[in-house]
Amino acid sequence: MPTKAALPNMKRVGADRYSISFQTAPLAQHPGGAQAVVKGGGFTYISGIRLTVDGQTMEIPTRACTDLGDPMEKTAKLGQSADGYVLQFSGGDGAEAYMARFILKNGTLAWRRITWVGPDDTGLRLMSHYKDTWYAPKR
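Not measured: the values here are computed from a predicted model. (Residues numbered from 1 in each chain as written. Predicted model: local features only at pLDDT ≥ 70, side-chain atom pairs only at ≥ 80, totals over all residues. Heavy atoms only, no water.)

Undergrad: Go over the pairing of strand S3 (residues 16-26) with me, naming the residues and quoting the values.
TA: The buried fraction of S3 is high, at nine of eleven residues. Relative to strand S4 (residues 44-53), S3 runs antiparallel, the two being bridged by nine bridges. Looking at the pairing, Ala25 lines up with Tyr45 of S4. (Buried < 20%, exposed > 50% of the residue type's maximum accessible area, 1.4 Å probe, protein only. Helix = DSSP H or I, 4+ residues; strand = E, 2+ residues; numbered from the N terminus. Pairing = 2+ DSSP bridges.)

Structure (structure tokens):
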């Protein structure tokens, strides 16, 4: 059964009050198998993210977060962009860590950038990589 972790108190971004909640599930229950979680693949994966800003609820689509594991809820913060919001948080385990950034425009996900740090193929150096995924047309 998925667990739900939420920031304990409403925070503020500009004049808006917001909260962020993560739904997580055990990695063994991942619909694509445990190997599908490549960014931070520790013990849990993110099965959903919900934002509430001044009473309006926004959901990050499941397909945009199930490849992320072990979110660190205390790092989650929301910022404002010219035409929406930026959700940012960190996650991962001791072997690999990531920083996720989701851009929401008009209440829906426009794109995300995942930056992760982990060992290279030799295990001797840490490498930093990022990947952008667009969910709305680029402008």
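So, next bit.
Undergrad: So what's going on with the nonpolar core? Residues and values would help.
TA: Membership of the largest hydrophobic core comes to 24 residues, with the highest contact counts inside it found for Ile49, Leu87, Phe89 and Phe102. When residues of this core are traced back to their parent elements, those giving at least two are S3, S4, strand S5 (56-60), strand S6 (71-81), strand S7 (84-92), strand S8 (97-105) and strand S9 (108-119). Leave out the neighbours within four places in its chain, and Ile49 touches Ile20, Ser21, Phe22, Gln23, Met58, Glu59, Ile60, Cys65, Leu87, Phe89 and Phe102. (Core = buried A, V, L, I, M, F, W, Y, C linked by side-chain atoms within 4.5 Å. Contact = heavy atoms within 4.5 Å.)

Undergrad: With reference to specific residues and values, describe unusual backbone geometry.
TA: A positive phi angle, close to 45°, is found at Asp70, a residue other than glycine. Mapped onto the elements of the fold, Asp70 is located in the loop between S5 and S6. The backbone of Asn106 shows a phi angle near 55°, a positive value even though the residue is not glycine.

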